[in-house]
Amino acid sequence: QVQLVESGGGLVQAGGSLRLSCAASGNIVRVNVMGWYRQAPGKQRELVAGITSGGATNYADSVKGRFTISRDNAKNTVYLQMNSLTPEDTAVYYCNAEVIAADSRWRLLPSGNYWGQGTQVTVSS
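If you're wondering where the values come from, they're calculated on a predicted model, not measured in any experiment.

## Describing the overall build of the chain
(1) Moving on: A count of helices and strands for the chain gives zero helices and eleven strands.
(2) Moving on: From first element to last, N terminus to C terminus, the chain shows the α and β order β-β-β-β-β-β-β-β-β-β-β.
(3) Moving on: Across its three principal directions, the C-alpha atoms of the chain cover 50 × 25 × 20 Å.
(4) Moving on: Looking at the chain as a whole, 41% of its 125 residues qualify as buried.
(5) Moving on: For the chain, long-range pairs separated by at least 24 residues make up 57% of all intrachain contacts whose partners lie at least 6 apart in sequence.
(6) Moving on: On the chain, roughly 6,600 Å² of surface is accessible, and the fraction owed to carbon and sulfur atoms is 48%.

Right under this line is the structure:
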């Protein structure tokens, strides 16, 4: 069983910064792409940023130049540094990862896509 646990959300004023973290745990063999998505009230979930195991990144146009995604492969952890936050960034932020895991006998399982529980980010004007 693979779990993604997020932390770092909260309330911040416009122009402020927050750093989100997401750690994957379980019988993990390899974590491939990791990413952050967000969902604002009444809107669809959207990709914020993604990062491959090799460090290649992509960002939504709305966050380019303000957000930075990074990861620590040794810790199976992905981060999202968010600067110059605006009220439009208010949403629940979800961590996502494509993971190759193993069962209790360490037999490889098919690659799976996993989600964290979400962390609320609220930006006040």
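Read on, since the account is not over.
## Side note on the packing of aromatic side chains
In this description, a pair of aromatic rings is defined by centroid distance and the angle of the planes.
(1) Moving on: For the coordinates displayed, the defined rule picks out two aromatic pairs.
(2) Moving on: Summarising the aromatic geometry, the rings of Tyr94 and Trp115 are spaced 6.5 Å apart at their centres and angled 85 degrees between planes, so their arrangement reads as edge-to-face. A residue pair is termed long-range when its members are at least 10 positions apart, and Tyr94 in strand β9 (residues 91-101) and Trp115 in strand β10 (residues 112-115) qualify at 21 residues.
(3) Moving on: Judged by its relative accessible area of 15%, Tyr94 falls in the buried class.
(4) Moving on: Here the guanidinium or amino end of Arg19 rests over the ring plane of Tyr79, the centre of that ring lying 4.1 Å away.
(5) Moving on: Of note, Arg45 hangs over the ring of Trp115, and the distance from its end group to the ring centre comes to 4.6 Å.

Rules and cut-offs
- Residues numbered from 1 in each chain as written.
- Predicted model: local features only at pLDDT ≥ 70, side-chain atom pairs only at ≥ 80, totals over all residues.
- Heavy atoms only, no water.
- Helix = DSSP H or I, 4+ residues; strand = E, 2+ residues; numbered from the N terminus.
- Buried < 20%, exposed > 50% of the residue type's maximum accessible area, 1.4 Å probe, protein only.
- Contact = heavy atoms within 4.5 Å.
- Areas by Shrake-Rupley, 256 points an atom, 1.4 Å probe, with all protein chains shown as cover.
- Phe/Tyr/Trp six-rings, centres within 6.5 Å; stacked < 30°, edge-to-face > 60°.
- Lys NZ or Arg CZ within 6 Å of the ring centre and 35° of its normal.

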